[in-house]
Amino acid sequence: MSGPTEINLSRSDLSSVIGVEIAQELLELALTHRSFAYENGGIGHNERLEFLGDSILGQAVTVMLYTDNPTLDEGQLAKRRASLVSSVALAEVARAIGLGEFIRLGRGEELTGGRDKSSILADTVEAVIGACYLGQGSDAATALVLRLIGPLLADPTRFGAAMDPKTSLQELAARLGKGLPVYAVKDSGPDHSKRFHATVLLGKQTIASGVGSSKKQAEMAAALDACLLLQRPAK
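Reading guide: rules and limits
- Residues numbered from 1 in each chain as written.
- Predicted model: local features only at pLDDT ≥ 70, side-chain atom pairs only at ≥ 80, totals over all residues.
- Heavy atoms only, no water.
- Pairing = 2+ DSSP bridges.
- Helix = DSSP H or I, 4+ residues; strand = E, 2+ residues; numbered from the N terminus.
- Axes fitted to C-alpha atoms, helices over the stretch in contact; angles between N-to-C directions.
- Expected span 1.5 Å × (residues − 1).
- Buried < 20%, exposed > 50% of the residue type's maximum accessible area, 1.4 Å probe, protein only.
- Left-handed = near helix turned anticlockwise from the far one by under 90°.
- Contact = heavy atoms within 4.5 Å.
- Nonpolar A, V, L, I, M, F, W, Y, C, P; charged D, E, K, R; others polar.
- pLDDT = per-residue confidence, 0-100.

Glancing now at the sheet that holds strand β2 (residues 195-202). Pairing is antiparallel in the open sheet, where 3 strands are placed in the order β1-β2-β3. Strands at the two margins of the open sheet, each flanked by one partner only, are β1 (181-188) and β3 (205-212). The average undirected angle you get between the axes of adjacent strands in this sheet is 20 degrees. The pairing of β1 with β2 spans 8 bridges and is antiparallel. Residue pairing in the sheet places Tyr-183 in a bridge with Val-200 of β2.

Have a look at this one:
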């Protein structure tokens, strides 16, 4: 009987959702979180693929925005790119395609809701993009990126708070009487490929988190996540 950390990978199911066939070995690697790898004898995990996918994602989104928005200046393009490649945006993509159910997680992450953690979901999206690049080439990987972010581009509110999430959060928190947001940032990884992890606090409560390849990106991702959380209708 399968344990809670073992996922029955269905390559055909996932491939039909993302619209590209990825070899089973590459797919499993892309879906293997480091927590699963450490609990299973130090097998390979998806962080190298994530690093590759992050670069491909950024390039594809940059070219698309440049080509499709000839009237926008550099600053406007940069803000739109940041909103589309943020951990919050990528986690939205992952949830929309049900990616969380395919991720191989360690028991600790499994028990603490790792399948719906924005950082894990976002990292896995990037790893899948990296796997697509290795297995199918640059054109297929770019096409995958554009398919995944298509629904985000169709959202009329995407470039509202997402354009300047820190200012939007500050204004929203003030309206709600919650005080000024405070950010805490930690980094991990080697100097040439650091990842930054930001949390945002209102009062003494941590309300959201985000990751990015720079302190600024991580804080923006955390702020956007916080904005979405505070604006979510109460159940």
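Anyway, onward from the coordinates.
Relative to the 24 Å expected for 17 residues at 1.5 Å per residue, helix α11 (residues 215-231) spans 24 Å between its end C-alpha atoms, a close match to the ideal helical length. Turning to α11, its buried residues are Ala-218, Glu-219, Met-220, Ala-221, Ala-222, Ala-223, Leu-224, Asp-225, Ala-226 and Cys-227.

α11 packs onto helix α10 (residues 165-175) with a crossing angle of 40 degrees between their chain directions and a minimal axis gap of 8 Å. In this structure, the crossing between α10 and α11 has a hand that is left-handed. Mapping the contact onto sequence places Pro-165, Lys-166, Ser-168, Leu-169 and Leu-172 in α10 and Glu-219, Met-220, Ala-223, Leu-224, Ala-226, Cys-227, Leu-230 and Gln-231 in α11. Tallied by class, residues from the contact of α10 with α11 come to 9 nonpolar, 2 polar and 2 charged.

Attention now goes to the confidence of the model for the protein chain. The pLDDT averaged across the protein chain works out to 86; a share of 90% of its residues lies at or above 70. Considering each helix and strand of the protein chain separately, the mean pLDDT is smallest for helix α1 (residues 11-18), with a value of 78, and largest for helix α4 (residues 47-68), with 95. Here residues 1-8 is a poorly scored stretch, pLDDT under 50, and it has 14 contacts once near neighbours within four places are set aside; other chains count.

Topologically, Pro-181 is positioned in strand β1. We classify Pro-181 as buried; its relative accessible area is 16%. Each C-alpha atom, one on Pro-181 and one on Tyr-38, is 35 Å from the other, the two residues being 143 residues apart in sequence. For Pro-181, the residues in contact, after removing those within four places along its chain, are Leu-169, Gln-170, Val-200, Leu-201 and Leu-202.

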